Amino acid sequence: VHSITIPKPDLPNINFNDEMIIAVFQGSHSTGGYSIEITKIIEKENSVEVFVKETSPSPGSIVTQAFTQPYHIVKTKSVDKEVTFRR
């Protein structure tokens, strides 16, 4: 995520015995105005549901002319269950 960042930020403190990472990526866009967010994580008996909200600019809106790649990464407790994503 920070491959071109100088100076590189410190690595996050993650204990993968107790914690896991959930990440969502929206892909590449030639303008700003896009975003993606993990809004809720629900642990069920046999699975974990991750709720994701994606935002796009309205037609005709004024946006930055910059290459963007929206993402959201969260740390949560580790579980050995299927993870599903919902919009």
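Our subject is the structure that appears above.
Residues numbered from 1 in each chain as written. Predicted model: local features only at pLDDT ≥ 70, side-chain atom pairs only at ≥ 80, totals over all residues. Heavy atoms only, no water.

## Structural notes on the overall build of the protein
- For the protein, the count of helices and strands is zero helices and five strands.
- If one aligns the C-alpha atoms of the protein with their principal axes, the spans along those axes are about 45 × 35 × 15 Å.
- Across the protein, contacts joining residues at least 24 apart in sequence account for 72% of those joining residues at least 6 apart.
- Accessible area for the protein stands at about 6,700 Å²; split by element, carbon and sulfur atoms hold 52% of it.
- Between the averaged position of the 9 positive side-chain charges in the protein and that of its 10 negative side-chain charges there is a distance of 6 Å. (Helix = DSSP H or I, 4+ residues; strand = E, 2+ residues; numbered from the N terminus. Contact = heavy atoms within 4.5 Å. Areas by Shrake-Rupley, 256 points an atom, 1.4 Å probe, with all protein chains shown as cover. Lys, Arg positive; Asp, Glu negative; His and termini not counted. Charge placed at Lys NZ, Arg CZ, Asp CG, Glu CD.)

## Concerning the pattern of salt bridges
- All told, the structure shown has six salt bridges when counted by the stated rule.
- The partner of Lys81 in a salt bridge is Glu43, with the nearest N and O atoms 2.8 Å apart. Placement of the pair is Lys81 in the loop between strand S4 (71-77) and strand S5 (82-86) and Glu43 in strand S2 (residues 35-43), with a sequence separation of 38 residues.
- Using a relative accessible area of 26% as the deciding quantity, one classes Lys81 as partly exposed.
- What makes Glu43 partly exposed here is its relative accessible area of 39%.
- When salt bridges that share partners are traced, they join Glu43, Lys77 and Lys81 into one network. (Salt bridge = Lys/Arg side-chain N within 4 Å of Asp/Glu carboxyl O. Buried < 20%, exposed > 50% of the residue type's maximum accessible area, 1.4 Å probe, protein only.)

## Looking at a nonpolar patch on the surface
- Residues Val1, Phe16, Ile21, Phe25, Tyr71 and Ile73 make up a contiguous nonpolar surface patch of about 610 Å² in total accessible area.
- Elements that contribute at least two residues to the nonpolar patch include exactly strand S1 (19-25) and S4.
- Looking at the element boundaries, Val1 is found in the segment before S1.
- You can call Val1 exposed: its relative accessible area is 60%. (Patch = residues over 30% accessible without salt bridge, like charges linked within 9 Å, V, L, I, M, F, W, Y side chains within 5 Å.)

## So, the packing of aromatic side chains
- The tally for this structure, following the rule as stated, stands at one aromatic pair.
- Above the ring of Phe51, the side-chain terminus of Lys40 is found at 4.8 Å from the ring centroid. (Phe/Tyr/Trp six-rings, centres within 6.5 Å; stacked < 30°, edge-to-face > 60°. Lys NZ or Arg CZ within 6 Å of the ring centre and 35° of its normal.)

## Some thoughts on the environment of Thr55
- Inspection of the secondary structure puts Thr55 in strand S3 (residues 47-55).
- Of the residues examined, Thr55 reaches a relative accessible area of 29% and is grouped as partly exposed.
- For the pair Thr55 and Gln26, spaced 29 residues apart in sequence, the C-alpha separation works out to 9.6 Å.

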